[in-house]
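# Architecture and fold: a report
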Amino acid sequence: MSYKVVHYINQFFANIGGEEMAHVAPELRDGIVGPGLAFNQAWKGEAEIAKTIVCGDSYFAEHEADAKSQILEWVKAEKPDFFLAGPAFNAGRYGYACATICAAVQDELGIPVLTGMYEENPGADLKNKILIVATANSAAGMRKAAPAMAKLALKIMKGEKLGASCEEGYMPNGIRKNFFEKKVGAERAVDMLVAKLNGKPFTTEYPMPSFDRVAPNPAVKDLSHATIALCTSGGIVPKGNPDHIESSSASHYGEYCIAGVQELTSEGYETAHGGYDPVYANADPNRVLPVDVMRDFEREGKIGKLHDYFYTTVGNGTSVANAKSFAAEYAQKLLQAGVHAVIMTST
């Protein structure tokens, strides 16, 4: 018996285009498209992708209700044994779309689903509702992601009992599975301790949640005498991106002087961001980093002064650890410069 699968992918993996084509509406295609080939090869005839649904990331984000309605209609008509989405790796909107449509197919049609993405992808927030296989943070990890997802998907299609997340490769979803370890707890504990003392990697059996809570600072009582700085994760940089900030998964940030600059022009600035359509930001960089409005406030006396430097990076796919390290570093520079408040803009 060959199981019938419907596969969901975005415009990039369908070879339609990148961010400039993220607006494309959902379309239904016969057979395999893009990464579907890797899944079919892994299943070796036991399952097969009958239809592929393609949808632009921006379209899904901006027309979620319409996109879900159309996709559910197609899936319902096809009556597949399984619904597969992605993998999305660390593409935020793609991951959100994969997780959201999987949840809808599972809840509204009762069809088993599976997707895959990087653990820091926003779509991974639904890991307690649907099964999500943990992947690398970029498409370079496709060779490992596709076989792992295909293996788990086939196991689900066959109705086989799933083991614990650490055995099957899906993200922990709050459901505990009992199984027998090869070593008793005392031995495993000593092994972990020895590894830790020697600086070697080890995996705890009881990970503790990490809650990053930041207490808000007191409100600035008198903005008319305050120095305000602008920072952004929207990737606004001087023309040519002199510090070569990556368009995704940024490894550093930029510090640029805007002393005397009354507004950002398309001749002098652009965005390095690869996660949204750059046309409007490049045409008027103030849309992301509002230097023009801040200068108006400065002239009107609403603020004391706009800080002479702004700090910028790209939030697209950038790890939480890197983002925290960037902020910790330039926050000290802002404090030393006597800045009273920061406006952080995104996209």
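Now for a description of the structure that goes with this document. Predicted model, so just to flag it, every value in this text is computed and none were measured.

## Topic: the overall build of the chain
Along its length, the chain carries 10 helices and 13 strands. A burial count over the chain gives 42% of its 347 residues as buried. For the chain, the proportion of contacts with a sequence separation of at least 24, taken over those separated by at least 6, is 71%. For the chain, the distance from the average position of its 33 positive side-chain charges to the average position of its 41 negative side-chain charges is 8 Å.

## Focus on the nonpolar core
Core analysis: the biggest nonpolar cluster contains 58 residues, and Tyr8, Trp43, Phe83, Leu114 and Met157 have the highest contact counts within it. Ranked by residue count, the leading element in this core is helix H5 (residues 142-157), at 10 residues. With 23 residues, the next largest nonpolar core counts Ala250, Val261, Leu264 and Val314 among its residues.

## Examining the side chain of asparagine 316
Structurally, asparagine 316 is set in the loop between strand E12 (309-312) and helix H10 (320-336). Overall, asparagine 316 belongs to the buried group, its relative accessible area being 17%. At 3.2 Å, the side chain of asparagine 316 forms a polar contact with the backbone oxygen of serine 247. Aside from chain neighbours lying at most four places away, what touches asparagine 316 is Ser247, Ser248, Ser249, His273, Gly274 and Gly275.

## A word on the packing of helix H3 (residues 64-78) against helix H4 (residues 92-109)
Axis separation between H3 and H4 bottoms out at 10 Å; the angle between their running directions is 50°. Looking at the two axes, H3 sits oblique to H4. H4 is crossed by H3, and the crossing has right-handed handedness. Counted together, Glu64, Lys68, Ile71, Leu72, Val75 and Lys76 of H3 and Tyr96, Thr100, Ile101, Ala104, Val105, Glu108 and Leu109 of H4 form the full contact between these two elements.

## Some points on the environment of threonine 318
Mapped onto the elements of the fold, threonine 318 is located in the loop between E12 and H10. Under the relative-accessibility criterion, threonine 318 is labelled buried at 14%. For the pair threonine 318 and glutamate 168, spaced 150 residues apart in sequence, the C-alpha separation works out to 27 Å. If near-sequence neighbours (up to four positions away) are discounted, threonine 318 is found in contact with Asn90, Glu120, Ser249, Ala250, Ala323 and Phe326.

## Observations concerning the environment of methionine 117
Residue position: methionine 117 is located in strand E5 (residues 113-117). Using a relative accessible area of 0% as the deciding quantity, one classes methionine 117 as buried. Sequence separation between methionine 117 and methionine 171 is 54 residues, and the spatial gap between their C-alpha atoms is 9.6 Å. Contact partners of methionine 117, with chain neighbours within four places excluded, come to Ala88, Phe89, Gly95, Cys98, Ala99, Gly123, Ala124, Ile132, Val133, Ala134, Thr135 and Met171.

## What about the sheet that holds strand E2 (residues 27-30)?
Spatial ordering of the open sheet is given by E2-E3-E1-E4-E5-E6, a layout of 6 strands whose pairing is mixed. With one partner strand each, in any of the chains shown, E2 and strand E6 (132-134) form the two edges of the open sheet. Strand after strand, the sheet turns through a mean of 25° between neighbouring axes, direction not considered. Two elements, strand E4 (residues 82-85) and E5, share 3 bridges in a ladder whose sense is parallel. The partner of phenylalanine 83 across the bridge, within E5, is valine 113.

What counts, and where the lines are drawn
- Residues numbered from 1 in each chain as written.
- Predicted model: local features only at pLDDT ≥ 70, side-chain atom pairs only at ≥ 80, totals over all residues.
- Heavy atoms only, no water.
- Helix = DSSP H or I, 4+ residues; strand = E, 2+ residues; numbered from the N terminus.
- Buried < 20%, exposed > 50% of the residue type's maximum accessible area, 1.4 Å probe, protein only.
- Contact = heavy atoms within 4.5 Å.
- Lys, Arg positive; Asp, Glu negative; His and termini not counted.
- Charge placed at Lys NZ, Arg CZ, Asp CG, Glu CD.
- Core = buried A, V, L, I, M, F, W, Y, C linked by side-chain atoms within 4.5 Å.
- Polar contact = N/O pair within 3.5 Å; in protein donor to acceptor, adjacent residues only side chain to side chain.
- Axes fitted to C-alpha atoms, helices over the stretch in contact; angles between N-to-C directions.
- Parallel < 35°, antiparallel > 145°, perpendicular 65-115°, else oblique.
- Left-handed = near helix turned anticlockwise from the far one by under 90°.
- Pairing = 2+ DSSP bridges.

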